[in-house]
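# Geometric and topological summary
Each chain, written out:
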Amino acid sequence: MKKVKLKALMFVMILTLLITGIPLNGFAEEDSLDKNIQKVKALFKIGDEYDYFDKHQYDRSSDKKITSLSWRNKDKHIGVDIDEDGNIIGYWKNERSINRNTKPYKFPKTTKKQGEKVARDFIKKLYPDILDKIIYQDEDNAAYLRNDLREYNYSFARREDDIPFYGNNVYISVDTQTGEVNSFNINWEKDLKFEDAKNIISKDEAKNIYKDNMDLELLYKVKETDKNMESYLAYSVKETDKTVDAKTKDIISTSYIPRYSIYGGISRRNMEKISIEEENKLINSKKIIGRKESSEKIINTFKLGKEYEIEGHKLLGNKEKDIYIWEVMIMKRVGNHGSGTSMSVNAKTGEIIDFSDPGSWDDADDKEPKYSKEELLEKAKELIKNNSPEKYKKVEYIENEDKISFYNEKNISGFLFVRKENDLKVENDGYRIVLSNVTGNVQSYNFNWSDLEFESPNNIIEKDEAKEILLGDKELVLEYQLENSEKEKKNVKLVYDFKDKYLAVDAKNSEIVDNIRGLMEKAAIKGYKDTENSFAKNQINKLQEYIVLFEGEEFKPKQEITQKEFLQLLAQTKYRYYFYEDSDYIYERFVDEGILKEEEKNMGAKVTREEAIKYIVRAFGQEPLEDLKGIYKLEYDDADKISTNLKGHIAIAEGLGLISGKGNFRPKDNLTREEAVLLIYNILNRDI
């Protein structure tokens, strides 16, 4: 009996030791998290309708942990991010079907003004104390911007004493149909000290100080013309981070320091997939390298091991410009994990355009670095020498990438090599290479080398004249900004900043070049001169709030529309409007989704009225079964002229309310621009 009691006593003692040995804060953290989860569920009315729940933690920065919560079922997905203090810093939901053949958008049921109220009410619910400390950043260029058919996006910046601090902000999107918040994200720091605006210098004084201390750089930039892209000599602001301290008059570093842009060098614009027959002809004539050679080029250059597999090839080309590229899909599989990515090789020269290691996820961030920056720099140089020895002679290494905190946190090193012509940098030309500090392997490689002419830097204006042109009548703006060298200390400064640093001055023509404004004007809402007598005048005006129509001052309502033009319009009923101009992207996506068949591609061809309906019905995911032709009854007077295989499409379009169903349909007539616009309008204005 005593032995039993002794064993029981020992068990109690061991259990006590085990329990007391567990850190109490572990229970406290778990308990606190459970409370936060319950708070989130109550706040967003998250019930038991979700089949899956997941939570995980990640580091947003070196000293902050974020807990990510996720609820999901087959139709809905809600995510919420909370910080260590239990504050909700992120929220998003998606109630749209994951089926890729989702229906086209409809005109909004909620106005933008109503959406803004929803956004402010949402902020009030989560952060009532900041409502009087934010300003809505309505775009200065609202005349150029269209409303989004899917959601309205609102950006709010922090303000202190009516002076903006863009370092803290709130972003919210509101669904145009339901009027509910789709996403929310806040970046707001406590305990920041904002100096008052007393005894500060004037804007004019700040402008003179800035002018005396700003430096311009002469380089080759690129602009778009009516026909093509061309280079030009330009002066642009060299140190974009420099601002004027409004109190001390000092030049300090607080503003944004942009990364020098290098990306894949050959534009996919106006490229098409090359058929197997044409591909073989090009290979046999030795005009391009073959599939095997293109993939071996990547595998050998980046020393990819046996776990990497070639999944496929695609040859794209612009026959008019005689440009061809291989897109090579490569997968990496390790155990149950795997990922893939597409790489590009110049099919004529064999030069690698871009590469991203699909296995970089295998390099853990927390491993000890084995390679120094100097060692990795030599690896990057050797890579360029081996891939493009002649181009290596024309590049200059720019030591600025490792100063970016992202690289330091992720245990990787980035190296930038900029092309030079006539001893001047060429914008966007060169190499950007990122290597792992742990493995020494290349994680990404981007190369761009434009085929442009570069005029001699003779007969150009002086730098001081360019300064006068650039600053002109522009004012500097007063803002709060974090000092770059003191970001860890959160040192907020009251500064005057020049907001037009992206502008350049043409060194030959003495004119300001504003590429951003040029692109916006190209896609601007048009005041067409020739729509007054069009039967679609009202629809044209309404559509322009959401859809980019046609370039130029004339709409040309009676002009027959091309396949490319019609698909650009149709694409905007399903995707964000900024994709409208990328024809290659639209065609690739439409083929992938079954809206367009590969053999139907013909950008310049006219579109008949029945063909237009065919594409629209497919966009709704309603392709009729071909073997049920006899069940479709149409009341058009010329129904017998409609192609038999398209009668089902016409009947479905009538059922959707997109066409009337009576009179003459004129199926074989080519569709005009005004007729096309009316169809697009009917898609967005439908009831179902």
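Residues numbered from 1 in each chain as written. Predicted model: local features only at pLDDT ≥ 70, side-chain atom pairs only at ≥ 80, totals over all residues. Heavy atoms only, no water.

## Section: the overall build of the chain
When helices and strands are counted, the chain shows 17 helices and 25 strands. Out of the 688 residues in the chain, the part that is buried amounts to 45%. Put simply, of all contacts in the chain between residues at least 6 apart along the chain, 62% involve residues at least 24 apart. (Helix = DSSP H or I, 4+ residues; strand = E, 2+ residues; numbered from the N terminus. Buried < 20%, exposed > 50% of the residue type's maximum accessible area, 1.4 Å probe, protein only. Contact = heavy atoms within 4.5 Å.)

## Some remarks on the sheet that holds strand S11 (residues 242–245)
One open sheet accounts for four strands, arranged S12-S11-S23-S22; its pairing is antiparallel. Each edge of the open sheet carries a strand with a single partner, namely strand S12 (251–253) and strand S22 (477–482). When strand polarity is set aside, the average angle formed by the axes of neighbouring strands in this sheet is 55 degrees. Its contacts with the sheet put helix H4 (residues 203–213) on S11, S12 and strand S23 (492–497), and the angle it makes with S11 is roughly 140 degrees. (Pairing = 2+ DSSP bridges. Axes fitted to C-alpha atoms, helices over the stretch in contact; angles between N-to-C directions.)

## Re helix H13 (residues 563–571)
Within H13, eight of the nine residues are buried, leaving the element largely enclosed by the surrounding structure. Looking at the packing, one finds that the buried side of H13 touches helix H14 (583–593), helix H15 (609–619) and helix H17 (673–684).

## Some thoughts on the pairing of strand S9 (residues 216–224)
Of all nine residues in S9, seven are buried, a share of seventy percent or more. Where S9 and strand S10 (residues 229–237) come together, nine bridges link them in antiparallel fashion. Opposite Leu216, over in S10, you have Val237 as the bridge partner.

## Description of the packing of aromatic side chains
As enumerated under the stated definition, the model contains 27 aromatic pairs in all. Each ring, one from Tyr397 and one from Phe417, has its centre 5.5 Å from the other, and the planes form 40 degrees; the classification is tilted. One end of the pair, Tyr397, is in strand S18 (residues 395–398); the other, Phe417, is in strand S19 (residues 412–421), with 20 residues separating them in the sequence. With relative accessibility at 2%, the residue Phe417 sits in the buried group. These aromatic residues form a ring-pair network of at least three members: Phe302, Phe355, Tyr431, Tyr445, Phe447 and Trp449. Over the aromatic face of Tyr232 sits the side chain of Lys223, whose NZ or CZ is 4.8 Å from the ring centroid. It is Arg673 that lies over the ring of Phe550; its NZ or CZ is 3.9 Å from the centre. (Phe/Tyr/Trp six-rings, centres within 6.5 Å; stacked < 30°, edge-to-face > 60°. Lys NZ or Arg CZ within 6 Å of the ring centre and 35° of its normal.)

## Considering the confidence of the model for the chain
Confidence in the prediction for the chain averages 87 pLDDT; 87% of positions are at 70 or higher. When pLDDT is averaged over each element of the chain, H17 comes out on top at 98 and helix H1 (residues 2–21) at the bottom at 38. Confidence drops under pLDDT 50 across residues 1–27; counting only partners more than four residues distant or on other chains, this segment forms one contact. (pLDDT = per-residue confidence, 0-100.)

## Some details on the nonpolar core
Ranked by internal contacts, the top residues of the largest apolar core, which has 51 residues, are Leu543, Leu549, Phe566, Leu567, Leu570 and Phe590. Secondary-structure elements contributing two or more residues to this core are helix H12 (537–543), H13, H14, H15, helix H16 (647–655) and H17. Ranked by residues supplied to this core, first place goes to H17 with seven residues. Other than its neighbours up to four places away in sequence, Leu549 contacts Tyr528, Ile540, Leu543, Gln544, Phe555, Leu569 and Val677. Listed in part, the 34 residues of the second largest apolar core include Phe194, Ala206, Met214 and Leu233. (Core = buried A, V, L, I, M, F, W, Y, C linked by side-chain atoms within 4.5 Å.)

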